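One letter stands for each residue in the lines below.
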Amino acid sequence: MPSPSFRRRYFPQASAKQWGDWRWQMQNAVQHWEALERFFPLTPEERAGCLAAQKHFRLRLTPYVLSLVDPHHPSCPIRRQAIPLPQEAHCIPGDLEDPLGEEKYRPVRALLHRYADRALLLCTDACPMYCRHCTRRRLTRGGNPLGEGEWARALDYIRANPGIREVILSGGEPGLLADEVLEGLLKRLRDIKHVEIIRLGSRSPVTLPMRITPPFARMLRRYAPLFVVTHFNHPKEVTPEAQRACARLVDAGVPVENQAVLLRGLNSSARILEALFLACLRMRVRPYYLHQMDVAQGAGHWRTPLRWGVGLMQELGARVSGLALPAFAVDLPGGGGKLRLAPEGVVAWGEKETLLKNPEGRHYSYPEPLEDDCHCPYDAIWTAPSH
Ligand SMILES: *Cc1c(COP(=O)(O)O)cnc(C)c1O
């Protein structure tokens, strides 16, 4: 239902201004499954899912998210990402509490340092919506508050490690921090000489688009180079509000990228992914990753076979703009890090020619050059500018 009619029906007391205020959205979010039934009847599976999941992981739907739910179709992608099914309480053998083996890369509570040049700072353990496919639910399920004390220790660690070139602010949803609080963090990061790039991992454009106010977007712009990486999974999430949120960021000069998760039965079709990636591109949001679902506890029902994802990428490679194509990546269980998987292109390597296969499956030969010495003579005299 479009926001105004949904608001008038279910929140008759609220003005359009309140509806458009992210704090009002958070104050009026539904956090108990019984309260959901005020808006639409839950299916027996959803009711069982809510009961079973409540001891494992939180529930939260903002009025905005509620307004997007299709009350008649349990397979609605908004509904499926926000409301648990009984499978969430099942633990399949092989599912891992810490699917990415991150705990050994956690030098202080608020920091994951998995890749030498990048560190991920956990800003908060809260979110406007708790995604049912969350891979870091061990951190976001509640009881893991993160704040000033933990941030200070994380910043000390970053300061002491000059190899860290990029800091990713994540969580939880960093957008839930007040502007001044987030700006305080950004300022301190910018004061660290070796931190060149800042990335803000935020699902706000999708789950709480009113959070992206013009002053917020302008504030982020002051800390450039800063990239926002958001998380649209289905074209249904690309609403006028979400479009406005992305436009505010991009117009302010903040580049926005998208990482989607491949979710079985939700976006695991070439048609849906094509529509999703093209919708992102129209918002000037560049598709960055399509993630294979991790082996997280309670999320086994979301996983697709690895070769299904590669097949989808092959199909899309044959029909959409390269700008719309993300990298398909699997995070290797147990701490191996991300690995990009691409449809097999090389049929046979050769000295004189290499045999390749295009996305439509036709074979082509590439004549290898006569010279194979690839060193750059200028390297010997060129030094990278210092900053
Ligand atoms: C995914 C991830 C990153 C960033 O990886 P990119 O490939 O640069 O996007 C950094 N730290 C952690 C812990 C991650 O999981």
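The paragraphs below set out a description of the structure included in this document. (Residues numbered from 1 in each chain as written. Predicted model: local features only at pLDDT ≥ 70, side-chain atom pairs only at ≥ 80, totals over all residues. Heavy atoms only, no water.)

1. Considerations on the packing of aromatic side chains
- Within the structure shown, the criterion is met by eleven aromatic pairs.
- A centroid spacing of 5.8 Å and a plane angle of 45° characterise the contact between Trp19 and Trp24, whose relative ring orientation is tilted.
- By relative accessible area, Trp19 is classed as buried at 6%.
- A relative accessible area of 9% means that Trp24 is categorised as buried.
- Considering the side-chain rings of Tyr288 and Tyr289, the 4.3 Å spacing of their centres and the 45° angle between planes classify their relative orientation as tilted.
- Ring pairs connect the aromatic residues Phe6, Tyr10, Phe11, Trp19, Trp24 and Phe39, which therefore count as one cluster.
- In this arrangement the basic side chain of Arg38 is found over the ring face of Phe11, its NZ or CZ atom lying 5.8 Å from the centre.
- In this structure, Arg211 packs its charged tip against the face of Phe216, placed 4.0 Å from the ring centre. (Phe/Tyr/Trp six-rings, centres within 6.5 Å; stacked < 30°, edge-to-face > 60°. Buried < 20%, exposed > 50% of the residue type's maximum accessible area, 1.4 Å probe, protein only. Lys NZ or Arg CZ within 6 Å of the ring centre and 35° of its normal.)

2. Quick notes on the pattern of salt bridges
- For the coordinates displayed, the defined rule picks out 25 salt bridges.
- Note that Arg138 is salt-bridged to Glu102, the shortest N-O span being 2.9 Å. Within this pair, whereas Arg138 is found in helix α8 (residues 137-140), its partner Glu102 is found in the loop between α7 (77-82) and β1 (111-115), the two being separated by 36 residues in sequence. One exposure class covers both Arg138 and Glu102, and it is buried.
- Put simply, Glu103 and Arg138 hold a salt bridge, and the shortest N to O gap is 2.8 Å. (Salt bridge = Lys/Arg side-chain N within 4 Å of Asp/Glu carboxyl O. Helix = DSSP H or I, 4+ residues; strand = E, 2+ residues; numbered from the N terminus.)

3. Some points on the pairing of β1
- Where β1 and strand β2 (residues 118-122) come together, three bridges link them in antiparallel fashion. Directly across from Leu112, in β2, lies its bridge partner Leu120.
- The loop that links β1 with its antiparallel partner β2 comprises two residues. (Pairing = 2+ DSSP bridges.)

4. Overview of the nonpolar core
- Judged by nonpolar contacts, the single largest core of 100 residues is most densely connected at Leu169 and Leu220.
- With six residues, the top contributor of residues to this core is helix α14 (residues 270-282).
- For Leu220, the residues in contact, after removing those within four places along its chain, are Leu182, Leu186, Leu200, Leu226, Val228, Leu249 and Val254.
- Val261, Met293, Ala296 and Trp302 belong to the second-largest nonpolar core, a separate cluster that totals seven residues. (Core = buried A, V, L, I, M, F, W, Y, C linked by side-chain atoms within 4.5 Å. Contact = heavy atoms within 4.5 Å.)

5. Quick word on the pairing of strand β12 (residues 363-367)
- Two elements, strand β11 (residues 353-357) and β12, share five bridges in a ladder whose sense is antiparallel. Its bridge partner lying in β12, Glu353 is registered against Pro367.
- Between β11 and β12, which pair antiparallel and follow one another directly, the connecting turn spans five residues, one of which, Gly361, has a positive phi of 95°.

6. Some words on helix α12 (residues 214-221)
- Where α12 is concerned, the buried positions are Phe216, Ala217, Met219 and Leu220. Take α12 and look down its axis: the buried residues cluster within an arc of 160°, on one side only.
- Buried positions along α12 lie against α10 (179-190), β4 (197-201), β5 (226-230) and α13 (240-252). (Arc of directions from axis to C-beta.)

Shape descriptors only; they carry no functional weight alone.
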